[in-house]
Amino acid sequence: MKKIVASFATGMIIAGTAATTVSAEEYDVKQGDNLWNIANEYNTTVEHLVEVNELKTTTIQPKQTLIINKQAKMKYKVQKGDTLSVIANKYGVSVENLKEWNKLDSDLIIVGQNLTIEGATVSNDEPAKTEEQPQAQPAVPTKKEQQPATETKAPVQEQQATPASSKPAASQKAPEKAPEKAPEKAPEQQSQQEKPQGQSFSVTATAYTASCNGCSGVTATGVDLNKDPNAKVIAVDPSVIPLGSKVYVEGYGYATAADTGGAIKGNKIDVHVPSKGEATNWGVRTVNVTIVE
């Protein structure tokens, strides 16, 4: 379900005033939805949805409300010297758009006329800025600042003369070069981990924790992640990776396919990590998975 909510904010623009209406397009999550499908439907990205909704994981729940995007509509009061071209360049829109939004038949505008400006994207972290700071007047220099430059030349000349009086670099003894240490051999076990044996393929990988919203902390196969927060477990689509399989995940290591998820379909996995911070740092990656057993 898609809906629009709006809020109102005002700001000063030089000598005139402007009012900004901020609207947010929202979506109510339904059973079977996932961020990938929603992002494709609204021509956006999973990363944008995670950022604008401040999500800690890509797992979503039915009846959860997601913000798709935020748009601003602003009222601008025409100032002396303004033209449609000047205003369009100032706000990153076209003259044609200004004429369409305000139903203008010509480029003629008058001082004090209110114009509607649409389409400004509002960041999730801070409100849209409709203020323009007046240009700062040049400060009157103090007597101290007006002192002749010749007074400051002497120290510069001293600094330039100093290297000439020092001894040439060639006369100084070069430091002895430390002997290079032979690289240690990597243990055999490490080389085996780098090249696991088995069927390998590429997947999209996200991360989750046992304490995520709506999570019980117990996997589909009965592993209690609350008791063992460091357990190496991944959520899979059992039709792609059978539950109970031992796998090697690039950038994560060896793990057990012991969980499932509503959004985990096809070549997608969700790796378990101990904290929400680690889940956020993991983000969304494309990695190789090898089924070892």
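Residues numbered from 1 in each chain as written. Predicted model: local features only at pLDDT ≥ 70, side-chain atom pairs only at ≥ 80, totals over all residues. Heavy atoms only, no water.

Is there a simple way to think about the overall build of the chain in this case?
Counting its secondary structure elements, the chain contains seven helices and ten strands. Residues classed as buried in the chain amount to 32% of the 293 residues present. Contacts spanning at least 24 positions in sequence make up 66% of the contacts within the chain whose residues lie at least 6 apart. As displayed, the chain offers around 19,500 Å² of accessible surface, 51% of which is attributable to carbon and sulfur atoms. (Helix = DSSP H or I, 4+ residues; strand = E, 2+ residues; numbered from the N terminus. Buried < 20%, exposed > 50% of the residue type's maximum accessible area, 1.4 Å probe, protein only. Contact = heavy atoms within 4.5 Å. Areas by Shrake-Rupley, 256 points an atom, 1.4 Å probe, with all protein chains shown as cover.)

What exactly am I supposed to notice about helix H4 (residues 95-102) here?
Side chains of residues three or four places apart in an α-helix project in the same direction, reflecting 3.6 residues per turn. Listed in full, the buried residues belonging to H4 are Val95, Leu98 and Asn102. Taken around the axis of H4, the buried residues stretch over an arc of 60°, which confines them to a single face. Exposed positions of H4 whose direction lies more than 90 degrees from the buried face are Glu96 and Glu100. (Arc of directions from axis to C-beta.)

Hey, could you run me through the environment of glutamine 79 in this one?
Residue placement: glutamine 79 occurs in the loop between strand E3 (65-77) and helix H3 (84-91). Sequence separation between glutamine 79 and glycine 112 is 33 residues, and the spatial gap between their C-alpha atoms is 6.4 Å. At a separation of 2.8 Å, a polar atom in the side chain of glutamine 79 contacts the main-chain carbonyl oxygen of lysine 77. (Polar contact = N/O pair within 3.5 Å; in protein donor to acceptor, adjacent residues only side chain to side chain.)

When you look at the pattern of salt bridges in this model, what are you seeing that I'm missing?
Proximity of charged atoms lets side chains of opposite charge pair with each other. One pass over the structure, following the stated rule, counts two salt bridges. A salt bridge links aspartate 33 to lysine 30; the nearest nitrogen and oxygen atoms lie 3.8 Å apart. In this structure, aspartate 107 and lysine 99 form a salt bridge, with 3.2 Å as the shortest nitrogen-oxygen distance. (Salt bridge = Lys/Arg side-chain N within 4 Å of Asp/Glu carboxyl O.)

What should I look at first to understand the environment of glycine 217 in this one?
Within the fold, glycine 217 resides in the loop between strand E5 (199-208) and strand E6 (233-235). According to the relative accessible area criterion, glycine 217 is buried, its value standing at 6%. As for glycine 217 and aspartate 228, which are separated by eleven residues in sequence, their C-alpha atoms are 9.8 Å apart. In contact with glycine 217, not counting residues within four places along its chain, are Ala210, Val223, Asp224, Leu225 and Asn226.

I keep staring at the side chain of threonine 209 and nothing clicks. Help me out?
Checked against the element boundaries, threonine 209 lands in the loop between E5 and E6. Judged by its relative accessible area of 4%, threonine 209 falls in the buried class. Not counting chain neighbours up to four residues away, the residues in contact with threonine 209 comprise Cys215, His272, Val273, Pro274, Ser275, Lys276 and Ala279.

When you look at the pairing of E5 in this model, what are you seeing that I'm missing?
Two faces make up the sheet, and in a regular strand the side chains alternate between them. Here seven bridges tie E5 to strand E10 (residues 285-291), and the two strands are oriented antiparallel to one another. Each bridged residue has a counterpart across the sheet, and for valine 203 the counterpart in E10 is valine 287. In terms of strand pairing, E5 meets strand E9 (residues 268-272) through five bridges, oriented parallel. Considered in E9, the bridge of alanine 205 is made with isoleucine 269. (Pairing = 2+ DSSP bridges.)

How should I be thinking about the nonpolar core in this particular structure?
Among soluble globular proteins, nonpolar side chains are generally buried collectively. Residues Ile234, Ile241, Val247, Val249, Tyr252, Ile269 and Val271 are the most contacted members of the largest nonpolar core, which totals 20 residues. Among the elements of the structure, E5, strand E7 (246-249), strand E8 (253-259), E9, helix H7 (276-282) and E10 are those that each provide at least two residues to this core. Beyond its immediate chain neighbours, meaning those up to four positions away, tyrosine 252 contacts Ala231, Lys232, Val233, Ile234, Val271, His272, Val273 and Trp282. In this structure, Tyr27, Trp36, Val46 and Ile68 belong to the second largest nonpolar core, which totals 14 residues. (Core = buried A, V, L, I, M, F, W, Y, C linked by side-chain atoms within 4.5 Å.)

Explain the sheet that holds E9 to me, please; I cannot follow it from the model alone.
Paired through backbone hydrogen bonds, the strands of a sheet run either parallel or antiparallel to each other. On the basis of which strands lie adjacent, the closed barrel formed by six strands has the order E5-E9-E6-E8-E7-E10 and mixed pairing. Shown here is a sheet whose adjacent strand axes are inclined to one another by a mean of 45°, direction ignored. (Axes fitted to C-alpha atoms, helices over the stretch in contact; angles between N-to-C directions.)

Any chance you could explain the packing of aromatic side chains here in plain terms?
Pairs of aromatic rings are described using the distance from one ring centre to the other and the angle between the two planes. Within the structure shown, the criterion is met by four aromatic pairs. The ring of tyrosine 252 carries the charged tip of lysine 232 above its face, separated from the ring centre by 4.0 Å. Over the ring of tryptophan 282 we find arginine 285, and its NZ or CZ is 3.8 Å from the ring centre. (Phe/Tyr/Trp six-rings, centres within 6.5 Å; stacked < 30°, edge-to-face > 60°. Lys NZ or Arg CZ within 6 Å of the ring centre and 35° of its normal.)

Before we go on, may I ask you to explain the pairing of E10 in this structure?
Here three bridges tie E7 to E10, and the two strands are oriented antiparallel to one another. If you follow valine 247 over to E10, its bridge partner there is isoleucine 291.

How do you make sense of the packing of H3 against H4 when you look at a structure like this?
Helix packing for two helices is described by the angle between their axes and how far apart those axes are. At a minimum axis distance of 8 Å, the contact between H3 and H4 shows a crossing angle of 105°. Here H3 is positioned roughly perpendicular relative to H4, judged by the angle of their axes. The segment H3 lies against H4, with Leu84, Ser85, Ile87 and Ala88 engaging Val95, Leu98 and Lys99. Looking at the contact of H3 with H4 residue by residue, the class counts come to five nonpolar, one polar and one charged. (Parallel < 35°, antiparallel > 145°, perpendicular 65-115°, else oblique. Nonpolar A, V, L, I, M, F, W, Y, C, P; charged D, E, K, R; others polar.)

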